[in-house]
Amino acid sequence: MTVKEMKRFLDKFPEEQDIVVIAVRPQARKKYEVTGLVMLTELAYPVIGVELGAAHEFDEKEQEAAEECERV
């Protein structure tokens with residue numbers, strides 16, 4: 001994803017809206033708690049770090065979505 005693509009996506013939402021980040025391993029049907037976000041601002045390129053917590057199994061809807069994506 002490019003900065004341009006991310007900006008275009010984020011421009012669809014109010015500036016005050018919280019951002020939701022999820023970390024997943026679709027093939028393993030796992031999702032992870034995100035315990036924090038870090039922006040590394042001193043680099044020459046944009047970096048967002050994600051601190052991960054415990055892993056959890058996909059619920060039924062997430063499982064169905066993963067299976068649908070695999071068929072496409």
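Just above, that's the structure.
### Remarks on the overall build of the protein chain
Then, number 1: When you go through the protein chain residue by residue, the secondary structure sums to two helices and three strands.
Then, number 2: Ordered by position in the sequence, the α and β elements of the protein chain form the string α-β-β-β-α.
Then, number 3: In terms of overall size, the protein chain is more extended than a compact globule, its C-alpha atoms giving a radius of gyration of 15 Å where 72 residues would be expected to give roughly 11 Å.
Then, number 4: With respect to the three principal axes, the spread of C-alpha positions in the protein chain is 40 × 25 × 25 Å.
Then, number 5: Of all 72 residues assigned to the protein chain, the portion counted as buried reaches 7%.
Then, number 6: Sequence-distant contacts, at least 24 apart, represent 38% of the contacts inside the protein chain between residues at least 6 apart.
Then, number 7: A distance of 6 Å separates the average location of the 10 positive side-chain charges in the protein chain from that of its 16 negative side-chain charges.

### Focus: helix α2 (residues 60-71)
Then, number 1: Between the first and last C-alpha of α2 there are 17 Å, a value that for twelve residues agrees with the 16 Å anticipated at 1.5 Å per step.
Then, number 2: One side-chain oxygen at the N-terminal end of α2 lies 3.2 Å from the backbone nitrogen of Lys 61; it belongs to Asp 59.

### Some points on the sheet that holds strand β3 (residues 47-57)
Then, number 1: Spatially, β1-β2-β3 is the arrangement adopted by the three strands of the open sheet, whose pairing is antiparallel. Because the sheet does not close on itself, it has two edges, and the strands there are β1 (23-25) and β3. When the angles between neighbouring strand axes are averaged without regard to direction, this sheet yields 30°.

### Describing the pairing of strand β2 (residues 30-40)
Then, number 1: Two elements, β1 and β2, share three bridges in a ladder whose sense is antiparallel. Across the sheet, the residue bridging to Arg 25 is Lys 30, located in β2.
Then, number 2: Taken together, β1 and the strand that follows it, β2, pair antiparallel across an intervening segment of four residues, in which Arg 29 is found at a positive phi of about 60°.
Then, number 3: In this sheet, β3 lies alongside β2 in antiparallel orientation, the contact comprising nine bridges. Counted as the bridge partner of Met 39 is Ile 48 from β3.
Then, number 4: The hairpin turn running from β2 into β3, its antiparallel successor, is six residues long.

Here is what the cut-offs are and how they apply
Per-chain numbering applies: the sequence of each chain, read as written, is numbered from 1 onward. Where local features are concerned, this predicted model is filtered to residues with pLDDT of at least 70; where side-chain atom pairs are given and counted, the filter is 80 or more; whole-chain, interface and lining totals use all residues. Side-chain numbers come from the whole structure's heavy atoms, not from hydrogens or water. Secondary structure elements follow DSSP: runs of H or I of four or more residues count as helices, runs of E of two or more count as strands, with numbering from the N terminus. As defined in this context, the radius of gyration uses C-alpha atoms, and a globule is described by 2.2 Å times the residue total to the power 0.38. Only protein chains enter the accessibility calculation, which uses a 1.4 Å probe. A residue is then buried if its area is under 20% of the maximum for its type, exposed if over 50%, and partly exposed in between. Contacts between residues were defined by any pair of non-hydrogen atoms, one from each residue, lying within 4.5 Å. The charge count includes Lys and Arg as positive and Asp and Glu as negative, but it does not include His or the ends of the chains. One atom stands in for each charge, and that atom is NZ of Lys, CZ of Arg, CG of Asp or CD of Glu. To estimate the expected span of a helix, subtract one from its residue number and multiply by 1.5 Å. As used in this structure description, the phrase polar contact means that two N or O atoms lie within 3.5 Å; if the pair is within protein, one of them must be able to donate a hydrogen and the other to accept it, and residues adjacent in sequence are counted only when both atoms belong to side chains. A pair of strands is treated as paired once DSSP finds two or more bridges between them. Between N-to-C directions, angles span 0 to 180 degrees; the directions come from axes that are lines fitted to C-alpha atoms, helices contributing only their stretch in contact.

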